[in-house]
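Structural overview
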Amino acid sequence: MTGSRIGRVREDEAAAWEELVATARRTVSDGLVVGTSGNVSVRVGDTVLVTPSAVPYDRLTPSDVTGVGLDGRQVLGTLVPTSELPMHLAVYRADPDARAVVHTHAVHATAVSLLLTELPPVHYMTAALGGPVRVAPYAAYGSAELARGMLDALTGRTGCLLRNHGTITYGATLDQAYDRTAQLEWMCRLWLTASSVPGRTPALLTPAQLDEAARRLRGYGRPT
């Protein structure tokens, strides 16, 4: 492809690609996607490395590095980037601090997207995503409309649900983006489980309780 740097992958890109492939494989082993239904990306400088379209993750090798610029033009590799590239690029363009994006078709989260317009605060990890998780309106996969709806749902958040579709989260690292995806799926499963009990309504956290959780999470793991 014109302008590609296949064979001239930088050392930092090669290391990031290895981590990206490991994360993509983890989405499958953890049951968050089936086959190649999800996708993962990581930003290295002005290059976005992204899983290619329709290639099983267990077949990806170091020579399959696939990367695009922030304008969407392919600059690394020859495999076709994921069809959900517009969503990934929209996140990176909207938030300069975004360095990794994970998109899945997780079962419980997708189920919640069929039922609600917002996942209520059933657990303090809601604060890790910026607050109650919104559901973006349905739009065809890979479309600009889907990317726009996603950005609206992500306002003030680091993750959202996509109606009749799945989830998308982002973070400063692949580990952080993946952890947010896993936490979101778990919270959706929690809500579905609690709300299925006849005659009972799940207790929700208050805004003040979420604010306290957010403060505590900001200092989590740091020495006191």
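Up top is the structure.
Overview of the structure. (Residues numbered from 1 in each chain as written. Predicted model: local features only at pLDDT ≥ 70, side-chain atom pairs only at ≥ 80, totals over all residues. Heavy atoms only, no water.)

**Some thoughts on the pairing of strand S5 (residues 100-104)**
Put simply, the rule reads: Accessible area is worked out with a 1.4 Å probe on protein chains only. A residue is then buried under 20% of its type maximum, exposed over 50%, and partly exposed in between. Under the scheme used here, helices are H or I runs from DSSP no shorter than 4 residues and strands are E runs no shorter than 2 residues, and both carry numbers assigned from the N terminus. Between any two strands, at least two bridges found by DSSP are needed for them to pair.
The buried fraction of S5 is high, at 5 of 5 residues. Judged by which residues are buried, S5 turns out to be covered on both faces: Ala100, Val102 and Thr104 on one side and Val101 and His103 on the other are all buried. As defined by bridge partners, strand S1 (residues 39-44) adjoins S5 across 4 bridges and the pair is classed as antiparallel. Counterpart to Asn39 in the pairing with S5 is His103. Relative to strand S9 (residues 166-171), S5 is paired through 5 bridges, and the arrangement is antiparallel. Bridge pairing in S9 places Val101 opposite Tyr170.

**Observations regarding the side chain of Thr51**
The cut-off we apply is this: Working rule for contacts: check all heavy atoms of both residues, and any pair within 4.5 Å makes them a contact.
Tracing the backbone shows Thr51 in the loop between strand S2 (47-50) and strand S3 (67-69). For Thr51, a relative accessible area of 0% translates into the label buried. Setting aside residues up to four positions removed in sequence, Thr51 forms contacts with Leu20, Ala24, Asn39, Val40, Tyr57, Pro81 and Thr82.

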